[in-house]
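An overview of the molecular structure
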Amino acid sequence: MKRQTMYFRMITSSLIRRRSRMLVALLAVAIGATILSGLVTIYYDIPRQMGEEFRSYGANLIFVPGGGDSALNADEVKKATGFIPAEDIVGIAPYRYETVKINEQPFMAAGTDLNEVKKTSPYWFVSGQWPAGSGSVLIGQEVVERIRLSPGDTFTLSGTDIGGKSFSHDFTVSGIVQTGGTEEAFIFMPLSDLEGLMGNSGVLDVVECSISATQQVLNDIAGQVGENVDDVTPRLVKRVTQSEGTVLTKLQALVYLVTVVVLLLTMICVATTMMAVVAERRREIGLKKALGAANKSIIKEFLGEGLLLGGLGGLLGVALGFAFAQTVSINVFARSISFQPLLIPATLIVSVAITGLACLLPVRSATDVDPAIVLRGE
Amino acid sequence: MNLLELQDISKIYGNVKALQNIDLTVRQGEWLAIMGPSGSGKTTMMNIIGCMDKPSNGAVILDGTNISKESAKSLTGIRRDKIGLIFQQFHLISYLTALENVMVAQYYHSMPDEKEALQALERVGLGDRARHLPSQLSGGEQQRVCIARALINYPMLILADEPTGNLDEANEGIVLDIFKQLHKDGSTIVVVTHDPEVAEEAQRTVVLEHGRIARIVENEK
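Residues numbered from 1 in each chain as written. Chains lettered and ligands numbered in written order. Predicted model: local features only at pLDDT ≥ 70, side-chain atom pairs only at ≥ 80, totals over all residues. Heavy atoms only, no water.

1. As for the domain arrangement of chain A
If you check the domain split of chain A, you get domain 1 (3-53 + 245-375) and domain 2 (59-236). Placing a centre on the C-alpha atoms of domain 1 of chain A and another on those of domain 2 of chain A gives a separation of 56 Å. (Domains from an automatic or database assignment.)

2. Here we look at the sheet that holds strand 4 (residues 57-62) of chain B
In a beta sheet, neighbouring strands are held together by backbone hydrogen bonds and run either parallel or antiparallel to one another. Residue and element names in this part refer to chain B. Ordered in space as 2-1-4-5, the four strands form an open sheet in which the pairing is antiparallel. Each edge of the sheet is formed by a strand with only one pairing partner; in this case those strands are strand 2 (16-27) and strand 5 (65-66). Inspection of the sheet shows strand 1 (residues 2-13) paired to strand 2 by eight bridges, in the antiparallel sense. Looking at the pairing, Glu 5 lines up with Thr 25 of strand 2. (Pairing = 2+ DSSP bridges. Helix = DSSP H or I, 4+ residues; strand = E, 2+ residues; numbered from the N terminus.)

3. With respect to unusual backbone geometry
Residues and elements named next belong to chain B. Unusually for a residue other than glycine, Asp 8 sits at a positive phi of about 55°. Here Asp 8 lies in strand 1. Among the residues examined, Asp 8 registers a relative accessible area of 39% and is labelled partly exposed. Phi at Cys 51 takes a positive value of approximately 60°, unusual for a residue other than glycine. One can find Cys 51 in the loop between helix 1 (42-49) and strand 4. (Buried < 20%, exposed > 50% of the residue type's maximum accessible area, 1.4 Å probe, protein only.)

4. Looking at the packing of helix 2 (residues 19-54) of chain A against helix 8 (residues 238-279) of chain A
Helix packing for two helices is described by the angle between their axes and how far apart those axes are. Residues and elements named next belong to chain A. Where helix 2 contacts helix 8, the axes come no closer than 9 Å and their chain directions differ by 175°. Here helix 8 runs roughly antiparallel to helix 2, going by the angle between their axes. Taken together, the residues of the contact of helix 2 with helix 8 sort by class into 26 nonpolar, seven polar and one charged. (Axes fitted to C-alpha atoms, helices over the stretch in contact; angles between N-to-C directions. Parallel < 35°, antiparallel > 145°, perpendicular 65-115°, else oblique. Nonpolar A, V, L, I, M, F, W, Y, C, P; charged D, E, K, R; others polar.)

5. Remarks on the pattern of salt bridges
Taken as a whole, this structure holds 21 salt bridges over all chains when the rule is applied. Its salt-bridge partner being Glu 284 of chain A, residue Arg 281 of chain A comes within 3.0 Å of it at the nearest N-O pair. Of the two residues examined, Arg 281 of chain A and Glu 284 of chain A, each falls in the buried class. Between Arg 215 of chain B and Glu 209 of chain B there is a salt bridge, and its shortest N-O distance comes to 3.7 Å. On the basis of relative accessible area, Arg 215 of chain B is assigned to the partly exposed category, the value being 45%. On the basis of relative accessibility, which here comes to 35%, the residue Glu 209 of chain B falls in the partly exposed class. Among the charged side chains, a salt-bridge network with shared partners connects Arg 9 and Arg 17 of chain A together with Glu 100, Glu 114 and Arg 131 of chain B. (Salt bridge = Lys/Arg side-chain N within 4 Å of Asp/Glu carboxyl O.)

6. Re the environment of Gly 133 of chain A
Tracing the chain through its elements places Gly 133 of chain A in the loop between strand 5 (125-128) and strand 6 (136-140). On a C-alpha basis, the gap between Gly 133 of chain A and Gly 152 of chain A in space is 14 Å, while along the polypeptide they are 19 residues apart.

This is the structure:
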């Protein structure tokens, strides 16, 4: 039999046949690894979770005309939006504003992509229905108060197109929008309808973008658009991006702090358990020394047991840690969490290192044991 | 030929003189018993002979080499290569089978050999109990495993501390028969005991009193 085979037989026998003792140690390592891997998973998933949460507060980047232009060119906008990573786009809503009249009273009409508005402004409260297609509009609460319209009512919209020619067209109110903001003074219709009334297309006043990204990424996008697209000026919606950044930073700092404290507590817990496990085996260490085992050999055996224990505990910790993180995520953020494969080696390395270290210190002192004293039972 | 020589050995712990001016030789192939009341210095003498302690004064010559000034690390090597230890409380590793307990001594010495370890157990009549854990063995059986472990590396000297101290009469008989066979095969045995019947089986009995050799008795058997 090879020496290595006997070595593995000894360390595995120690773990398997001393089940009750080793289960306590394994439990200590596994609990530590569980909390650690769970917290790290949450730490790295917070930006994604909270980013999605913040997207319900509206757009975080807008494009407005630049270089002295009074309007955005649709082609330039397309170029600008090309700088946003496709996977980060929650919604992009273009807006064109024109003055129109209803019963000779002036109102502001906004032509937009209403499907995108649903994504960029999920906080809008709509009574009735969102417009299903051409000829239907959403009207703001302030407009309703002035002209007394209800969902299903038809009204005539009039005005002057860009050629100075008058137009008049009937629209149906599909819903009434309440936001608590300036949007309540607008009439929202499909962009193509407004372009049809005005007699031209490809002209926009503002484009609202809702992007699931950190403030740093948003700054980078804005920088790239500013440098590369002449007629588009990007602006970060600071009240959203800054508060998002602040909350995320503080939340991550909190979880980071908790993770570090838990890591320290885990180290102390595992070290104490391992010290107790080693201390109760002083007689065995004395016997091995009496049989002629070198200190190096004894340290190697205990270290082997510790590493095996750390590995097993770490593996258990990865699985239980993900379940822990998933439970926290579902209960706190109401979303599932994504598994980080890199966490497997990371948790294993940390568990093995902590357990190994926790074993090494007491074993080193235990090898100073005089075999004669231990074997006499003193 | 002398295998072991203790030359003017003393061991002093603080103000306590555990051993004083001990001169003793053990011939190769001899069976020697060390007897004495509690506190007479038996255990101290066994520790010095077994390379688990060093004398305060004097020289210990084992196999022609003075080992009294060797380092702890070096003494561990000497213990591994030249001495087979048998303990009163057996001291088997609880999570290893009888066979694995014997193989542990091989592992620290050179190379584990399962077949040879099994033969050692068969020699002490435990071939059929090789896969049992110490907790599944009787006291007598555990002591026999301890003897098999002590013999596995063919030591120059077998050092037994009260080998029958924890055994009933039947098992004492079995263990003494094994010792007789070992002696017959040429092994050098030093037994520390308080039992006159065990001591009588040896060729000579050294009686210690207050850390000194009170007398040496040549046994007639």
